[in-house]
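Each chain, written out:
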Amino acid sequence: PEALRKQQGLWRGLLMWLAFAGTLLALSGLIIGTMRYRREGYALRDGVSRSPYRGAKRWHHWAGLFFGLVTLTWIWSGWLYTNPGGKQSGPYS
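Reference entry: report on the structure contained in this document. (Residues numbered from 1 in each chain as written. Predicted model: local features only at pLDDT ≥ 70, side-chain atom pairs only at ≥ 80, totals over all residues. Heavy atoms only, no water.)

Some thoughts on the overall build of the chain
Put simply, the test is: Numbered from the N terminus, helices here are DSSP runs of H or I no shorter than four residues, and strands are runs of E no shorter than two. Each residue's exposure class comes from its accessible area (1.4 Å probe, protein chains only) as a fraction of the maximum for that residue type: buried when under 20%, exposed when over 50%, partly exposed otherwise. Residue contacts are defined here by distance: any two heavy atoms, one from each residue, within 4.5 Å place the two residues in contact.
A count of helices and strands for the chain gives 3 helices and 2 strands. Along the chain, from the amino end to the carboxyl end, the secondary structure elements read α-α-β-β-α. Looking at the chain as a whole, 22% of its 93 residues are labelled buried. Considering only residue pairs separated by 6 or more positions, the chain has 44% of its internal contacts joining residues 24 or more positions apart.

Right, dumping it as structure tokens:
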């Protein structure tokens, strides 16, 4: 919203807090997904898999790990855009 973006201090704070919340959410999903991953694999009826799930849930697990990493780097780059330390020159310095 343009009215909010005109108030740069409020807009910057909002972006920083939303990026912080998004980072925590993406990181928690990656941690949980990684904890469910096993190097030696799970013994399932249809063979051995590194994911404990079968069918669509297995695809969801793998996609969540991949896209969670993509999302985490995307949120982090957005947070860096706000210039959190104020050491770089840019639109939010």
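Examining the pattern of salt bridges
Filter applied, for reference: Salt bridge, as applied in this entry: a Lys or Arg side-chain nitrogen positioned within 4 Å of an Asp or Glu carboxyl oxygen.
Scanning all chains against the criterion turns up 1 salt bridge. With a closest N to O distance of 3.9 Å, Glu2 and Lys6 form a salt bridge. In this pair, Glu2 and Lys6 both sit in helix H1 (residues 2-6), 4 residues apart, roughly one turn of the helix. The two residues Glu2 and Lys6 agree in class, both being exposed.

Considerations on the packing of helix H2 (residues 8-36) against helix H3 (residues 56-81)
Heads up, the condition is: To obtain an axis, a line is fitted to C-alpha atoms, over the contacting stretch when the element is a helix, and the angle between two such axes runs from 0 to 180 degrees between their N-to-C directions. Angle categories: roughly parallel below 35 degrees, roughly antiparallel above 145, roughly perpendicular from 65 to 115, and oblique for all the rest. Left-handed describes a crossing in which the near helix is turned anticlockwise from the far one by less than a right angle; the clockwise case is right-handed. Any residue that is not Ala, Val, Leu, Ile, Met, Phe, Trp, Tyr, Cys, Pro, Asp, Glu, Lys or Arg is counted as polar, Gly included; the first ten are nonpolar and the last four charged.
Orientation of H2 relative to H3, taken along the N-to-C sense of each, is 155°, at an axis distance of 9 Å. In this view, H2 runs roughly antiparallel relative to H3, as classed from their interaxial angle. Between H2 and H3 lies a crossing whose hand is left-handed. Where H2 abuts H3, its residues Met16, Ala19, Gly22, Thr23, Ala26, Leu27, Leu30, Gly33, Thr34 and Arg36 lie against His61, Gly64, Leu65, Gly68, Leu69, Leu72, Ile75 and Trp79. Split into classes, the residues belonging to the contact of H2 with H3 amount to 10 nonpolar, 7 polar and 1 charged.

Description of H2
Using the following cut-off: The length a helix should cover is 1.5 Å for every residue beyond the first.
The end-to-end C-alpha separation of H2 is 42 Å, in line with the 42 Å expected for 29 residues at 1.5 Å each. Restricting attention to buried positions, one finds in H2 the residues Trp11, Ala19, Gly22, Ala26, Leu30 and Gly33. Elements in contact with the buried residues of H2: H1 and H3.

Thoughts on the packing of aromatic side chains
Note the following rule: Aromatic contacts are taken between Phe, Tyr and Trp rings whose centres are within 6.5 Å, Trp giving its six-membered ring; a plane angle under 30 degrees counts as stacked, one over 60 as edge-to-face, and the others as tilted.
Enumeration according to the criterion identifies 3 aromatic pairs in this entry. Considering the side-chain rings of Trp17 and Phe20, the 5.8 Å spacing of their centres and the 90° angle between planes classify their relative orientation as edge-to-face. In this pair, Trp17 and Phe20 both sit in helix H2, 3 residues apart, roughly one turn of the helix. Ring geometry for Tyr37 against Trp62: centres 5.7 Å apart, planes inclined by 80°, an arrangement best described as edge-to-face. Of this pair, Tyr37 sits in the loop between H2 and strand S1 (42-44) while Trp62 sits in helix H3, and the two are 25 residues apart along the sequence. By relative accessible area, Tyr37 is classed as partly exposed at 29%.

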